[in-house]
Every structure is written in C-alpha cells, then in structure tokens.
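These are the residues of each chain, in order.
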Amino acid sequence: MELRPYQSAALDALRLSLAGGKRRLMLYSPTGSGKTEMALAMIQAAVRKGKRVAFIANRKQLVAQASVRFYGSGVDHGILQGENTRNVNSPVLIVSIDTAHKRGLPDVDLIVIDEAHAVAGSRKYRELLFKRNLVPVVGLSATPFAAGLGKHYDELGGPLFEGLIAAATIRDLIADEFLVDVEVWAPADPDLTGVSTRRDAFGELDYAENELAEAVDKPQLVGDIAAHWKRLAGKQTVVFAANIAHSKHIAEAFNAAGVAAEHIDYRHDDEERKAILDRFNAGQTTVLCNASLLAEGWDAPRTACMILARPTKSLTRFIQMAGRVLRPFPGKEKALLLDHSGTVARLGFPTDDLPLELDDGERKATAARKKRERLPAVCPACAFVKPAGVHACPACGFAPERQSDIVTADGELTKIERLRRPDRHNKQLVYSGLLHIAAKREYRRGWAANQYRALFGVWPRGLADIVSEPSPELRSWLTSRAIAYAKRSGGGEHAA
C-alpha cells in the first residue's frame, strides 16, 4: 500500500510515541484524508510482527464497511458482531463495540478504534479500555476535540487518550487537492433584534453577553429549502434534518417540487438502506434526506451539496456532517453548503482550522449538571407513566414518532466568504469595516485596532483611517467572537 507523505509521517509519529511509553493515542486526520488506509498500514505492520489486532466500530454499517475495505486491501479478518460473528481466531478482528461489551474481547496486542470521538460519551468504550489498560490503543477521528477525550476517569482508571497525533490539517489537504473547498450560503447575520448593549469591562458598548448567546440559540431555519436548492445547487445533495419527521417532510417538499428525493433512517432494514443508497449513488435520486444516520462513515464522493436544516451547537457534529461533501470527484471543483440554520455564523466554516487538542470535559460536565431534571411522561396509547427520557413505552411498546420543533422564517441565503488574510487590500477593507462599526457603536478608536490584531496577529500599522461598510463575513466573524466570549464567561444556560 502506497501512503501519501502526511500519512507515512503520522504513522512514524505514532510508532515513536508508542515506543516512548504512550499507550492511548488519538490520530487526527480530516474526513476523506484516508484514515482507513493509515489504519490498514498500521494493522498490516502489526500482523507482520506476529501481533493480533482488534479494529472496533460503533455502528453495524461501519463494521460492514470496514470489512469491505479490509478485504479490498487483502487483509484477511474475522468479525465479532452478533449473529454475523465468524473467524474469531483470525489475527485481525473487526469488532462491534456492542458485541464486545456483551461477550468480551479476545486477547489482542493492539486496539484501533474507528470514529473514536464517540469514546468519551460511551461507558462501553471506557469499560473496555479499563479492562485492557495495558494494551496500546489508537483512536481514529476527524473531530478529536469532543469533550472528555482527555479526561481522567477516576472510577475506571486512567485517561481515555494521552496524546494526539495530527496527520494533516484540512487547509493543507485542500491546498494539495486531496479535498475540495466549500462555498457557503447562509443567513448573512443572526437576528439580534432586542439584544441590548451595555458598557463592558473596558468601558465600551457591546452586546449583553447572556442576551447575545440566547439570540442565536434558536431552532429556526431561514428560507425555503427546496426553492433555494433549485436556485443555488441543483446537484447531488445530502440533507441533514432535525429528526426523522423533519427529514421526511423535507423529502416530501422536494418531491412535490419535482426533484427526486428519498428519506433514510435506522428503521430501514439492511436491504432497504442498500437500495436507497444504491439509487442515490446511481443518480436516480438527487436529494437524500436523513437526521443523523449518514453523519459518520458514509462515503459518497459524488455528493456535491449539503443542506444543513438543523441548528447545532456541536462542532463535532457539524464537522462530521460537512465532511460528507468534501471528498474530490471528477468534475467537482468545490462543495456547496446551504446553511439554513445560522450554524456557520456560530461555529465558522467547516474547512477552518480546528482546535486540535484533547478536551478534559470539565466545562461540559458542569453545564450538564445545571440542566433541569426531566419529568416523567404519560404514554398516549395506554396512559402508562414512562420514566424521563424513555421513548418507547415499557408497558405497551408504543413509540410515537418525534415531531419537529423547527420553525422556518422568511429570508434569503447570502454567499459567505471566508475572511482572506494575505494581501494588503483585503486587510485595508477589514480595518475600514472595523472603523465603521466602531463609529456606529460609539466605541473607542482603539477597539478597531484591537479587533484587527485579534484577526491578523499584528497591529494595523501603515493602513489608512478610511471608514467603509463592513462585509457580511466581517460581521459574522465579530458576532462569532462575541458569542464565544459570552460562552466562556458563562452568560446563562444558553451560553453553556
């Protein structure tokens, strides 16, 4: 197997870290960068040394997908997954975490975890790692910043992961044409109507932190989804909706507009899911709608457009969803993201540099403890009082389809440009826009220079004090900075 230079370098770094005494390492590489290829090279090297390896996945479809890839690369293997279990004495095992949790994992010399950002939120993974505390573990993820991945779990012993190896950044891979860049259309500005201003610690007027965080934390979509798609896209598209009911409604809207669309969810059996995906891959279906089924491990390079029809505050979820459309494909110069939820304004471009560090999870755990306790609910079919958080009724089995609480408001999507840093002309435009905002808000003159320095890392020396209208992307960047500050300062539950 011929690896790309960044893949080889990452594997060398992993070997050095393991040889130096590390036992649990996270390997970061963006979606579409070849994490499976790196895993295969790692596994083949271990097998040549007489080692036994377990490759663990958290979904049935990911187990099946890994098996196809392993066979395609000539790696014989067994499978440990429910009734599909076979060849368990093989040197390489592809394992379902659910089955490993129920039956235990055979003795192995190396554990590789696919989509390893799921580890922090899963007791099944944590118990497995505790039981195999001395076995080297390598996690694979495009989003290794999930809360808790670097946390020390006292009740189970040891940190989940001790270090992070970055194979490449997403900007590097786009520059080298291993991935495509993305064009974003989104609401130009969040609706900040009613958000008051007050003097901050520096004596300057700014948005009230708690009101600002609450204003952008709304499950509201902007603009007609099918109409915007017809105007801006018209190409192979995946839609991420708020839930199953919402996904079905979007598929119905596309079909009513004369666009071939289908919905897919976990309740379809294997044959139904395969048939739906085959129709999409063959181009018979143009728009494929889902809630979260396709967010991880789904490879469809011809998909050129993603519609984000669900607000999210989760950077992990956002990056995983957007990664579905960044793989290159003949004739695909760039991907298209139609963001109806304002998520780009909150979280930035999905192709921006990421916070590549392991999170200890403390702030997220504290915020979770502050949430109000959920109350029991009455089953509408048999009147049994269900415990809080239980969807299917324990008495009669009735599981009502969750309804969408998404509200759609009138509005247009605007093309959002990423702030460009290199040339002097663009820097002058940014500084002029900041001077305009400072004047409108009656800020001190130094505010514009400080914001410029936060963006570019230098003071605006040599630039003219010319005032001009700020661009939508500059306004979005300032709003995202204010929101991030509100969250860091604990501006209410919405900011947590």
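Quick caveat, the model's predicted, so the values are computed rather than measured.

*Asks:* Any chance you could break down the packing of aromatic side chains for me, citing the residues and the numbers?
*Replies:* On inspection of all chains with the given rule, the structure shows six aromatic pairs. Seen from their ring centres, Y431 and Y452 are 5.9 Å apart, and the 75° between their planes marks the pair as edge-to-face. Taken together, the positions of Y431 in helix α14 (residues 424-440) and Y452 in helix α15 (residues 446-456) put the pair 21 residues apart, joining distant regions of the chain. Judged by relative accessible area, which is 7%, Y431 ranks as buried. Residue classification places Y452 among the buried positions, given a relative accessible area of 2%.

*Asks:* An account of the nonpolar core is requested, with residue identities and associated values reported.
*Replies:* Ranked by internal contacts, the top residues of the largest apolar core, which has 66 residues, are L27, F55, F70, V112 and M306. Sorting elements by how many residues they give to this core places helix α2 (residues 35-48) first, with seven residues. Those residues within four positions of V112 in sequence are excluded, and the remaining contacts are A39, M42, I43, V53, A54, F55, I56, V138 and L140. Of all hydrophobic cores here, the second largest spans 24 residues; its members include L80, V95, L105 and I113.

*Asks:* Describe the sheet that holds strand β8 (residues 181-186), with residues and values.
*Replies:* Hydrogen bonding along the main chain pairs the strands of a sheet, whether they run parallel or antiparallel. Ordered in space as β13-β14-β12-β15-β16-β8-β20, the seven strands form an open sheet in which the pairing is mixed. Every other strand in the sheet has two partners, leaving β13 (261-263) and β20 (414-416) as the edge strands with one partner each. Sheet twist, expressed as the average angle between the axes of neighbouring strands with direction ignored, equals 20°. Contacting β12 (237-241), β13 and β14 (287-290), helix α10 (residues 270-281) runs over the sheet at an angle of about 145° to β14.

*Asks:* Break down helix α9 (residues 244-256) for me, with residues and values.
*Replies:* The first and last C-alpha atoms of α9 sit 18 Å apart over 13 residues, in line with the 18 Å expected at 1.5 Å per residue. Within α9 the residues assigned to the buried category are I244, A245, H246, S247, I250, A251 and F254. For α9, the N-terminal cap is N243; the gap from its side-chain oxygen to the backbone nitrogen of A245 is 3.4 Å. Positive backbone phi, approximately 85°, marks G258, located one or two places after α9.

*Asks:* So, the confidence of the model for the chain: which residues are in play, and what are the values?
*Replies:* In the predicted model, the chain carries a mean pLDDT of 81, and 79% of its residues have values of at least 70. A low-confidence stretch, residues 491-496 (pLDDT under 50), is modelled with 14 contacts involving residues beyond four sequence positions or located in other chains.

*Asks:* Could you give me a rundown of helix α1 (residues 5-19), with the residues and numbers involved?
*Replies:* The end-to-end C-alpha distance of α1, which contains 15 residues, comes to 21 Å, matching closely the 21 Å that a straight helix rising 1.5 Å per residue would cover. Within the span of α1, buried status applies to Y6, Q7, A10, L11 and L14. The buried residues of α1 all sit within an arc of 135° when viewed along its axis, so they share a single face. Among the exposed residues of α1, those pointing more than 90 degrees away from its buried face are P5, L16 and A19. Residues of α1 that are buried in the fold lie against β1 (24-28), α2, β6 (137-141), β7 (163-166) and α6 (170-175).

*Asks:* Describe the environment of N89, listing the residues and the values that go with them.
*Replies:* Secondary-structure assignment places N89 in the loop between β3 (78-80) and β4 (92-96). Sequence spacing of N89 and R52 is 37 residues, and the spatial spacing of their C-alpha atoms is 9.5 Å.

*Asks:* Describe in detail unusual backbone geometry, supporting the description with residues and values.
*Replies:* One non-glycine residue with positive phi stands out, namely E177, at about 65°. One can find E177 in the loop between α6 and β8. Judged by relative accessible area, E177 falls into the exposed class, the value being 66%. Positive phi, normally seen in glycine, also occurs at E442, with a value near 60°. Within the secondary structure, E442 sits in the loop between α14 and α15. E442 sits in the exposed class, given a relative accessible area of 58%.

*Asks:* Give me the pairing of β7: which residues, what numbers.
*Replies:* Residue alternation in β7 divides its side chains into a buried set, G163 and I165, and an unburied set, L164 and A166. Pairing of β1 with β7, which is carried by four bridges, proceeds in the parallel orientation. Bridging across to β7, M26 finds its partner in L164.

*Asks:* Can you lay out the pairing of β1 for me, pointing to particular residues and giving the numbers?
*Replies:* The buried count for β1 comes to five of five residues, which makes it a mostly enclosed element. With burial as the criterion, each face of β1 is covered, one bearing R24, M26 and Y28 and the other bearing L25 and L27. The pairing of β1 with β6 spans five bridges and is classified as parallel. The partner of Y28 across the bridge, within β6, is S141.

*Asks:* Please give an account of the pattern of salt bridges that cites residues and values.
*Replies:* This model, assessed by the stated rule, comprises 15 salt bridges. Across the salt bridge formed by D98 and K124, the nearest N and O atoms sit 2.7 Å from each other. Of this pair, D98 sits in helix α4 (residues 97-103) while K124 sits in helix α5 (residues 123-131), placing them 26 residues apart in sequence. A relative accessible area of 32% places D98 in the partly exposed class. For K124, a relative accessible area of 33% gives the class partly exposed. Of the charged contacts, one joins D299 and R327 as a salt bridge, the two residues approaching to 2.7 Å between their closest N and O atoms. Of the two residues, D299 is situated in the loop between β14 and β15 (305-309) and R327 in the loop between α11 (315-322) and β16 (334-339); the sequence distance between them amounts to 28 residues. One connected set of salt bridges, linked through shared partners, spans E37, R69, D299 and R327.

Conventions we followed
Residues numbered from 1 in each chain as written. Predicted model: local features only at pLDDT ≥ 70, side-chain atom pairs only at ≥ 80, totals over all residues. Heavy atoms only, no water. Phe/Tyr/Trp six-rings, centres within 6.5 Å; stacked < 30°, edge-to-face > 60°. Helix = DSSP H or I, 4+ residues; strand = E, 2+ residues; numbered from the N terminus. Buried < 20%, exposed > 50% of the residue type's maximum accessible area, 1.4 Å probe, protein only. Core = buried A, V, L, I, M, F, W, Y, C linked by side-chain atoms within 4.5 Å. Contact = heavy atoms within 4.5 Å. Pairing = 2+ DSSP bridges. Axes fitted to C-alpha atoms, helices over the stretch in contact; angles between N-to-C directions. Expected span 1.5 Å × (residues − 1). Polar contact = N/O pair within 3.5 Å; in protein donor to acceptor, adjacent residues only side chain to side chain. pLDDT = per-residue confidence, 0-100. Arc of directions from axis to C-beta. Salt bridge = Lys/Arg side-chain N within 4 Å of Asp/Glu carboxyl O.

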